[in-house]
Amino acid sequence: MTNSFDVVVIGGGHAACESAHAAARLGCNTALVVVRRETIARMSCNPAVGGPGKSQIVREIDALGGLMARVTDKTGLQYRTLNSSKGAAVRANRVQSDTAEYESAMREELEKTPGLSIIEGEVGELESEGGKISAVVLLSGEGLLAKAVVVCTGTFLNGLLHTGMEQTPGGRYREQPSCALPDSLKKLGFTLGRLKTGTPPRLNKNTIDFSALAPQGGDEPPPPFSFFSGEIKREQTPCHLTHTNEKTHSVIRAGFETSPLYTGVIKGVGPRYCPSIEDKVMRFRDKTSHHIFLEPVSRNSPEIYPNGISTSLSQETQEAFLKTIPGLEDVEILKAGYAVEYDFAHPTQLYPTLETKKIGGLFFAGQINGTSGYEEAAGQGLLAGINAALGVRGEQQIILKRSESYIGVLVDDLTTHGTEEPYRMFTSRAEHRLVLRQDNADERLCGLGHSLGLLDVENYRAFLEKRERINSAVSAIRKKTVKPDSATLAGLEKIGLPKIDEALQLDKYLRRPDVTLKREGVAEGGVFEFLREYSADETERAEIEIKYEGYIGRQNLWIKQLGEIENIPLERDMDYANISGLSIELRQKLDKVRPVTFGQASRMAGMTPAALAVLMITLKSRKKI
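For the structure given in this document, a descriptive report is provided here. These figures come from a predicted structure and were not determined experimentally. (Residues numbered from 1 in each chain as written. Predicted model: local features only at pLDDT ≥ 70, side-chain atom pairs only at ≥ 80, totals over all residues. Heavy atoms only, no water.)

### Overview of the side chain of aspartate 62
Structurally, the position occupied by aspartate 62 is in helix 2 (residues 54–64). It turns out aspartate 62 is buried and unbridged, and the closest side chain with the opposite charge, arginine 70, is 4.6 Å from it. Excluding anything up to four places from it in sequence, aspartate 62 contacts Ala69, Arg70, Ser226, Phe227, Phe228 and Leu455. (Helix = DSSP H or I, 4+ residues; strand = E, 2+ residues; numbered from the N terminus. Buried < 20%, exposed > 50% of the residue type's maximum accessible area, 1.4 Å probe, protein only. Lys, Arg positive; Asp, Glu negative; His and termini not counted. Salt bridge = Lys/Arg side-chain N within 4 Å of Asp/Glu carboxyl O. Contact = heavy atoms within 4.5 Å.)

Now the structure itself:
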């Protein structure tokens, strides 16, 4: 083994990109091992980044110094803010990306990262020595010595593609699976399971009748994803909306006899919250139609992604049901939809740092941990890359808390509870979501990103300046009095805000649920013109801080109170089997999960107040608290 690295990252997907970039940025000699360089950052499924619960993760990656948001802004086809009429906790950016440009831009970012080498090859085996990872061996026979390894293999471990009764080995379309590596993981003592996900057929846009469909445009001006991108000047491309109907559903039902999903061929568990079209037809029989969003994948490609109809039905059935859908009567399939089954490692085998419990220096990130989605994978990859580098440097690894990030919620859910189905992030999973908004991810995590050395000085300075401007805007709003004079009343009426009968402070007016600082009100001549010097983002942040300050204050107090016991550490080698007062079931669960804090133990399934009291008494008796 002639090649030696501090960190080796296996895979080329979104988790691997963030992981390799982070490790190299933190000063580690890093190798990214991918079968083919041109597949790096491939968007295997939908051509979009973001959405509720997911955009928060992307913004957190950005605040920590990661790549996804910046690359998305450089390559977007359409930029939208979802749930804009709802509360700040559930607002979310979503960007349709040009997939070819995204791959190219991400690859360029990695290629220019100092200390990062991209190696083409397939990993066949992991080697360990003395309970620690020591090397990565390629199928070619080449060995790479490594102090830390991050496994980001996506859907490639024993991947099997299904289209009707046809089965093809593969991690995705026309790409071979990894069959040797899962055997190596089992030899190292890891327990693997089987999951399933799917993708829709890709359609030829030149055979679609768009005149019969409703266009879906982006926001103007386009809202940037990254805190550091500045103004987006890219031309936006519309999506189009169509829908299934009863005839579509009849054709799908008739094709069930050749469905691998309903004939028992597929054994892996599929995603509950992103069902295939055959699942929708079967589970929601009262619905006569389902929306389909026709999304372009690139400016220079005829390919259209029909979001909402992932399927593993036969190609013949896919062709038949598509032609019953408005606008698709003459559509041509460029690539049939398929399901993919793959191995994953049960995530309770990980610490919240994403380091494995069995092998020191070995980390798992992305779909290997049972998650679905680019954003969830990228967040894990970033955390794993950071901790791999910190471990190599002999420094304390970081754990992101549930109270400070969606990434923390994601990792805590996985490592504490595990998952039996592809895990997808939702805002409802975060109990502190009002303080974990996408707009304030910079406030929460830029300091950490900069202290680690991931977020550069220029961007950190920009964050500090922006924070000062937000504070200034908040102060200006608090000082402003709104008076019921004719000009003010006319201005409020013009932008659809309720009138006032007496003078009152603007901050009190803003706390009304039907009042917001609309941009037209801030524009020249608007009723809130005094805020024109602040950007739309700065004004929104100031408004949110004022409108929700009571709720945010109570939630922060709750977080502080919980933190007093949340962060009490538990020994990694604690002998749970000999703690009297705990049930045998709980002793076994604690021994399996090995929670690193009292807070993590409190969230384990089956944990009771009595058991927590026993655990607390045990810690006190050992003078650990």
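### A closer look at the pairing of strand 10 (residues 160–163)
Looking down a regular strand, the side chains alternate between one sheet face and the other. Neither face of strand 10 is open: one carries Leu160 and His162, the other Leu161 and Thr163, and all of them are buried. For strand 10 and strand 19 (residues 338–345), the ladder comprises three bridges, and the chain directions are antiparallel. Considered in strand 19, the bridge of histidine 162 is made with alanine 339. Bridge count between strand 10 and strand 11 (residues 166–169): four bridges; the pairing is antiparallel. Pairing of leucine 160 across the sheet is with proline 169, part of strand 11. The turn joining strand 10 and strand 11, which pair antiparallel and follow one another in sequence, is formed by two residues; a positive phi near 60° is taken by glycine 164. (Pairing = 2+ DSSP bridges.)

### Topic: the nonpolar core
Core analysis: the biggest nonpolar cluster contains 109 residues, and Val8, Leu126 and Val149 have the highest contact counts within it. Per-element accounting of this core gives the leading share, 10 residues, to helix 9 (residues 374–392). Once you skip the residues sitting within four places of it in the chain, leucine 126 turns out to touch Ile10, Ile133, Ala135, Val136, Val149, Val151, Leu181, Ser184, Leu185, Leu188 and Leu362. Membership of the second largest hydrophobic core comes to 21 residues, among which are Ile470, Val474, Val522 and Leu531. (Core = buried A, V, L, I, M, F, W, Y, C linked by side-chain atoms within 4.5 Å.)

### Some details on the environment of aspartate 442
Here aspartate 442 lies in helix 11 (residues 441–452). Note on aspartate 442: relative accessible area 2%, which makes it buried. Distance in space between the C-alpha atoms of aspartate 442 and aspartate 62 is 8.0 Å, their sequence separation being 380 residues. Leaving out residues up to four positions away in the same chain, aspartate 442 has contacts with Ala63, Phe227, Phe463, Lys466 and Arg541.

### Here we look at the sheet that holds strand 5 (residues 92–97)
Strands sit in the order 3-5-4 across an open sheet of three strands; the sheet is antiparallel. The sheet is open, and its two edges are formed by strand 3 (48–50) and strand 4 (76–82), each paired on a single side. Sheet twist, expressed as the mean angle between neighbouring strand axes with direction ignored, is 15°. The pairing of strand 3 with strand 5 spans three bridges and is classified as antiparallel. When the sheet's bridge partners are listed, glycine 50 is paired in strand 5 with arginine 94. (Axes fitted to C-alpha atoms, helices over the stretch in contact; angles between N-to-C directions.)

### Some details on the pattern of salt bridges
Scanning the model with the defined rule gives 38 salt bridges in all. Across the pair glutamate 431 and arginine 402 runs a salt bridge, and its minimum N-O distance is 2.9 Å. Taken together, the positions of glutamate 431 in the loop between helix 10 (406–417) and helix 11 and arginine 402 in the loop between helix 9 and helix 10 put the pair 29 residues apart, joining distant regions of the chain. Given the relative accessible area of 10%, arginine 402 is considered buried. Lysine 466 is the partner of aspartate 537 in a salt bridge, and the nearest nitrogen-oxygen pair spans 2.3 Å. Placement of aspartate 537 in helix 16 (residues 536–547) and of lysine 466 in helix 12 (residues 457–479) is noted, with a sequence separation of 71 residues between them. By relative accessible area, lysine 466 is classed as buried at 12%. Each member of the salt-bridge network shares a partner with another, and the members are Arg437, Asp439, Asp442, Glu443, Lys466, Arg467, Asp537 and Arg541.

### Quick notes on the sheet that holds strand 11
Ordered by their spatial adjacency, four strands build an open sheet running 11-10-19-12, and the pairing between neighbours is antiparallel. Both outer strands of the open sheet, strand 11 and strand 12 (192–199), are each paired with one neighbouring strand and no more. Averaged over all neighbouring strand pairs, the angle between strand axes comes to 25°, with direction disregarded.

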